[in-house]
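Each chain is listed here by its residues.
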There are 2 protein chains.
Amino acid sequence: MFLKNSFFLFCIIGYLSISPFIAIAQEHPSLILTKAGVEKIRAELGKVPLFDVSLEQLKKEVDAEIALGIDTPVPKDYSGGYTHTRHKKNWIVLQKAGVLFQILQDEKYAIYVRDMLMQYAELYPTLPAHPKTRSYARGKLFWQCLNDSNWLVYVSQAYDCIYDWLSKKERKNLEKNLFRPFADWISVKNPQFYNRVHNHSTWGNAAVGMIGLVMDDEELVERALYGFKDDALEVGAKDNDGGFIKEEGQKTGFLANLDEPFSPDGYYTEGPYYQRYAMYPFLIFAQGLHNVKPELKIFEYKKGVLLKSVNALLNLTDADGEFFPINDGQKGMSYYSRELVTAVDIAYHFGGNNPELLSIAQKQGRVVLDDTGLSIAMGIKEGRAKPFVKKSINLSDGSDGDQGGVGILRYGEEDLTVVLKYAAQGLSHGHYDKLSFSVYEKGEEVLQDYGLARFVNIEQKGGGNYLKENTTWAKQTVAHNTLVQNETSHFDGKYEVGNKHHSELFFFDTTNDHVQLISAKEKNAYPETEMHRTLVLIKDKNMEKPYVLDILKVNSNTKNKYDLPFYYKGQIMEMNFDYKVPKSLNPLGTSNGYQHLWLEGKGNSTSQNTKFSWLNNQKFYTLTMATHLNDELLFTRLGANDPEFNLRRDAAFMLRRKDVAKEVFVSIIESHGAYSPVSEFAVNARSSISNLEVIYDDIDFTGVLIETTKDKKSLLILSNIEASKSYEHKLEINNKEYKWTGPYYFGPVK
Amino acid sequence: MFLKNSFFLFCIIGYLSISPFIAIAQEHPSLILTKAGVEKIRAELGKVPLFDVSLEQLKKEVDAEIALGIDTPVPKDYSGGYTHTRHKKNWIVLQKAGVLFQILQDEKYAIYVRDMLMQYAELYPTLPAHPKTRSYARGKLFWQCLNDSNWLVYVSQAYDCIYDWLSKKERKNLEKNLFRPFADWISVKNPQFYNRVHNHSTWGNAAVGMIGLVMDDEELVERALYGFKDDALEVGAKDNDGGFIKEEGQKTGFLANLDEPFSPDGYYTEGPYYQRYAMYPFLIFAQGLHNVKPELKIFEYKKGVLLKSVNALLNLTDADGEFFPINDGQKGMSYYSRELVTAVDIAYHFGGNNPELLSIAQKQGRVVLDDTGLSIAMGIKEGRAKPFVKKSINLSDGSDGDQGGVGILRYGEEDLTVVLKYAAQGLSHGHYDKLSFSVYEKGEEVLQDYGLARFVNIEQKGGGNYLKENTTWAKQTVAHNTLVQNETSHFDGKYEVGNKHHSELFFFDTTNDHVQLISAKEKNAYPETEMHRTLVLIKDKNMEKPYVLDILKVNSNTKNKYDLPFYYKGQIMEMNFDYKVPKSLNPLGTSNGYQHLWLEGKGNSTSQNTKFSWLNNQKFYTLTMATHLNDELLFTRLGANDPEFNLRRDAAFMLRRKDVAKEVFVSIIESHGAYSPVSEFAVNARSSISNLEVIYDDIDFTGVLIETTKDKKSLLILSNIEASKSYEHKLEINNKEYKWTGPYYFGPVK
């Protein structure tokens, strides 16, 4: 009954609200393509290779779809199922066909767009909410409003492209039966989806705003920018993922979504995978606003945060352009995605023509077919591309940049890249992994972050949606390269608690060309416990490659059990301690992710340095840890309590230390040598670290001695309290006095 | 005492046997490089790009080594250790420096070779047998005579290059103190190594022969070609790997090694990995014989088997050029190896300038710096390269080609490649895997063969040698995609028994452009049991890619338990039966490889088709099996009883059928669709096989019905007894009569 009533209600609202605006004349296209832009593009056709190639690709794809015929099936499936995939394909092809009509001025594309839109205008009024009920906000074409919003973001562009070509009557039909009720469904009918700060809402806001701009419907544009009042949502309500829908005093709308989740550095609090996903509606709606409402100066909003965010995102990738899978992130997603093609083109065109972006566009091999894509293709044609050199970068989190962040250490050649997460919770897609880190070597994972437990859009795996193992495993602390206290997750895995806290930057220093450091503290993850992790990427000219020094200091008021896992990839080579392997495999624990880990072996450290080495992708790696006698050493493998085989069978090497209150865990990760199965030569197959030792540790300072097989001794002293760059320190270790300025000393042992 | 005495003995023998020949003048270089060849090469320098690039690479490498200085350490280590690696590097650099001296006529290379050889001439007489005792035939520089032989094969070339440049006195010193005793140690002093048919002996024979050719020492050349008498070896003695050293009536020497392990098709009975290894001494010694003793017509020996073997080897690779790891084979070894650069260059130069070999050389990116390399580089320069198109091929095994073989089915584009092994045992490197198969897709493994359990030359893994898991796992039947009876391996895993038998080709038919078949029988692997496997690669224009039909018929006089494993790679997507996963993992069995398999889940088939699908490398795969109700279905994963983590944690899906005597196991393997983590689209994610059914099965015929989701029904009828191509068959199935000629019918269901 509700559905029927609400449906009639829309039609009335839809009709009433469109009518006052329908008469005002506006140029079309004006949203993404513009009349002037199209003229310029047409003048350059055949002259700008990357643009022509992209046009050719697009034409081929759309022509194939036109040949296939139009299908707008009655919605039925979850992600990955036929009706889902078909409607998704439709939105993509509609947008592209609209562009082709404008650029090629071939009516067949306009006809295709019109005919499909007309089918939608017939179908849409007949649709109840989607029959699949899993979402907290069901769409009509799709099982969630989110996908319906995707559809409208793209289809509003197609509508803009054929707007002038349609008859007034056709436009009226489409707006009355399709677009206006569509915009209302994803906004006023679903405030729990629309009126929040979340990537879902960004899509919703952009969708409503873009169709509003095309229809010249000020009410919809206002609703897009600022949300709407009286949403009747209760503070504290949650969505399917456990995320808050409404918090106290929360602002709504597109600008609020730009204010809150983005830090001043352009880092998006959910992490790069969702930032990539959200970038498209942010940027495409911004482009539309720029074109139709230039007075808003949207690209200058919050000191140009939208364009900064593209730079942040490009820096949040490994050497292959794949995003670090911080929080929920599907591995393999990269700057080759369609969202990043748009992002790079827009950032170049509206952001001062940075020539480094041209080299990314060259790798992408395609451009958007509008002014921005033409700019970038012409820049490449004119030979202005420069390599995009990723540097070490510290990206703050939080709308004011004061809620922790993500730090990345790398040298120019990206031999080893270290990523430290010390950010805020990351909304509902956040993981409980304060101070976790991961290590990459030229695009390969050395110490991995598991990413999400989901096969996005693969229907046979849980409808393509989040799997329950995302909660029971992927989000848990033990699934990450960070410290676990007493087999519990940070904040006890409670979103409400985690969401209130963030880690804090201690310092980030990359001024020295052979020592780079990122240091951060976490005081809330465990009760009465402070953790302080410092990652150092050291270039030693006597060593083959830079190596990673990891200093993790924990200080608790009680005695605890600590686990420190290292999720290596590849095949074990050797270790320097005794261990036993069990006859049967049993899970390491019963909850908080431990129930998913098989214990494959267990030993005890027998010397002050525990060494563990492995081979992966034809390279050798060694972890050297400063250990106590009888520290436990565990070999784990994922896969227990996984009845649907949803988890990868990944391995970890784990240090376990019991009954300690104040401890410092110090490790070195080296990449060394190579093995070729073709030449069968093994080169530099063994570690170059001969000793790793904590030679000083108190509340103020921690001193770590590193000795290499070439008899070189280095000392790193960290100030644990004073991070000021100008502070002068003095410390005596083993009767020798060290003096330095700033938070750390790195140099010879006296 | 023995060592000392035998050392003095050598010196005497060495001196006596060299002296009669030392006065006879012979041109140098003459072995691989020739005086005329060098002149031609020098005339072309700077004109043939691939040759110049290869020369530049070589020069860079050798110059770096010269700068490093000479080291000939006292031998101490196993494979992968410093002294092993250094002496190995030395032989490589010596050979290259010799070549550079000839081509560049820069004396510094001659000086380097001479100085290092002089060090060896001082060191060698002081050496006892190598201190590591694991080998059945210890070398002096290395732990096995095999590596010493490698050294001499290369170093004899270096000696040839500087022979004329050295003084008579220097030559005498080298021959007396180094080369002659060296040649004797690996031959007369180690008959168990030298006087057999094995890749070890091939290296030994070539080493002795090549230094004999350089020294113009007829006795050594004779010893190389024919071995020597009175070796005092007992028939039935075995080496470390369990291989026979001497069998009744066995011939010896290089020609015997060419006669026996090579089939007339050029397949080498140990498999492609060892064929690659053996190719170098076979071909390089042959090239030397061709140059010095053209009257032997070595390249025409046994109908040109040496050159045929290069073609066989190139066809035994996947689309990336990696060898199928049949028997003991290290994965990743490929036609990019130095041995195959030599092989391809020689095969081109001496084998009629096949332009397809030029495209392989282009991929290799380097050539040998002699006449053969110049030929190939000039062929490429002249634009004569054609693609090397691998076709389906059946390669017989056995010296007369009557001991089974290996069949490969593929279409030109190598979408799916099927490899069936129905060969002889493969000497001591053979696995117990009669009628096993593997499937590849464009260079990726779909159903894998495990290969060997060894990290070749990685010292920290068992000295770089075979691991015990090679015997307990890799060689066992259950480690392969073939049928296991009662949890035992073929021939009960007994080499003596397996070595007496081979499978038999039933038929190989690739004349039809959309159905290719290989069919073979095995009658000896299990007592009173015959197995008959037919693999069919079918192209159906309604399906996206070719698919594999597997028909495995077993006929035993007793009731048995059968396991049929499929070693898939990747992540499980879905299955159509119920199963349970255990709380703890236990090994599937106690011996014959089963002790290494964890049982991760167990179910029972609930319909006449069991389906199991997985995702790997962004592609979907489905296995469809015609099953009985209550067939057991097992999920296994490798890793049990593996205390040193030597085994990969690979998975299998296994069909288990109990208490049956006569059975037919029918399966289809499909590759379908794709998933991109960048676009997040899943395309064609489900199987197109709607029914797979055995609709006829008796002693004479087996009829299999295949139905696709496009309502296409196909029928394959196999004759189980009569393989003749001209035989006319008639059979009634479901009241319809089928008539055809030849061993199979494939067509519509009537």
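Before any of the text, the structure's been laid out above.
To keep things clear, this report deals only with the structure shown in the data block. None of the values given here were measured: they were computed from a predicted structure. (Residues numbered from 1 in each chain as written. Chains lettered and ligands numbered in written order. Predicted model: local features only at pLDDT ≥ 70, side-chain atom pairs only at ≥ 80, totals over all residues. Heavy atoms only, no water.)

1. Details of unusual backbone geometry
Glycine aside, residues mostly have negative phi, and peptide bonds are mostly found in the trans state. Residues and elements named next belong to chain A. Heads up, the condition is: Working definition: helices are DSSP H or I runs of at least four residues, strands are E runs of at least two. Numbering for both runs from the N terminus. Exposure categories follow from relative accessible area, calculated using a 1.4 Å probe and restricted to protein chains: below 20% of the type maximum is buried, above 50% is exposed, and the middle band is partly exposed.
Of the consecutive residues H28 and P29, the connecting peptide bond is found in the cis state with omega at -5°. Along the chain, the position of P29 falls in the loop between α1 (2-18) and α2 (35-44). With a phi close to 50°, Q105 is a non-glycine residue in the positive phi region. Mapping Q105 onto the fold places it in the loop between α4 (82-104) and α5 (107-123). The backbone of N735 sits at a positive phi, close to 70°, despite the residue not being glycine. Within the secondary structure, N735 is located in the loop between β23 (728-733) and β24 (736-741). Exposure remark for N735: the relative accessible area of 69% places this residue in the exposed category.

2. Thoughts on the relation of the copies chain A and chain B
Note: a rotation about an axis with an accompanying shift along it relates these two copies of the chain. In plain terms, the rule: Here the copies are matched by least squares. The fit uses the C-alpha atoms of residues with pLDDT of at least 70 in both. In what follows, residue pairs with any heavy atoms lying within 4.5 Å of each other are defined as contacts.
At an RMSD of 0.0 Å, chain A and chain B line up after a rotation of 180° and a shift of 0.0 Å along the axis. Read as a symmetry element, the transformation amounts to a two-fold axis. Minimal C-alpha distance to the rotation axis in chain A is attained by A:L585, lying at 2.4 Å. A share of 100% of interface residues in chain A that are also interface residues in chain B marks the association as one of identical surfaces.

3. Observations concerning the environment of B:E270
All names here are of chain B. Stated formally: Two N or O atoms form a polar contact when they lie within 3.5 Å of each other; inside protein one atom must be a possible hydrogen donor and the other a possible acceptor, and for residues adjacent in sequence the pair counts only when both atoms belong to side chains.
For E270, the location among the structural elements is in the loop between α11 (254-259) and α12 (272-292). Overall, E270 belongs to the buried group, its relative accessible area being 0%. Taking the C-alpha atoms as reference, E270 lies 24 Å from D231; in sequence the two are 39 residues apart. Excluding residues that lie within four positions of it along the chain, E270 makes contacts with H198, N199, I326, N327, G426, L427 and H429. For E270, the side chain forms a polar contact with the side chain of N199, separated by 2.8 Å.

4. Considering the pairing of strand β9 (residues 529-538) of chain A
Strand residues, when the strand is regular, have side chains that alternate between the two faces of the sheet. All names here are of chain A. Selection criterion: Pairing between strands is defined by DSSP: at least two bridges between the two strands are required.
With nine of ten residues buried, β9 lies mostly within the body of the structure. Where strand β8 (residues 515-522) folds back on β9, the antiparallel hairpin that results is connected by six residues, among which E528 adopts a positive phi of roughly 50°. Summarising the sheet, β9 and strand β10 (residues 547-566) pair through ten bridges and their orientation is antiparallel. Note that in β10 the partner of L537 across the bridge is V548.

5. Let's talk about the sheet that holds strand β1 (residues 393-396) of chain A
All names here are of chain A. What counts, and what does not: To obtain an axis, a line is fitted to C-alpha atoms, over the contacting stretch when the element is a helix, and the angle between two such axes runs from 0 to 180 degrees between their N-to-C directions.
In spatial order, the strands read β1-β2-β3-β4-β5; together these five strands make up an open sheet with antiparallel pairing. On the outer flanks of this sheet lie β1 and β5 (444-447), each paired with one strand and no other. Adjacent strand axes in the sheet meet at a mean angle of 20° when their direction is disregarded. Where β1 meets strand β2 (residues 405-410), four bridges bridge the pair, whose relative direction is antiparallel. Pairing of N394 across the sheet is with G407, part of β2.

6. Comments concerning the packing of aromatic side chains
To keep things clear, this is the line we draw: Working definition: a ring pair exists when centres of Phe, Tyr or Trp rings (six-membered ring for Trp) sit within 6.5 Å. Plane angles under 30 degrees give stacked, over 60 give edge-to-face, the rest tilted. A ring is considered to have a charge above it if a Lys NZ or an Arg CZ atom is located within 6 Å of its centre and within 35 degrees of its normal.
If you walk through the whole model with that rule in mind, you get 88 aromatic pairs over all chains. Each ring, one from B:Y194 and one from B:F228, has its centre 5.8 Å from the other, and the planes form 25°; the classification is stacked. Here the residue B:Y194 occupies a position in helix α8 (residues 191-194), and B:F228 occupies one in the loop between α10 (218-226) and α11, the gap between them amounting to 34 residues. You'll find B:Y194 and B:F228 in the same group, each marked buried. The ring of B:F681 has A:K89 lying over it, and the distance from NZ or CZ to the ring centre is 5.5 Å. Directly above the ring of B:F506 sits B:K521, whose terminal nitrogen or CZ lies 4.3 Å from the centroid.

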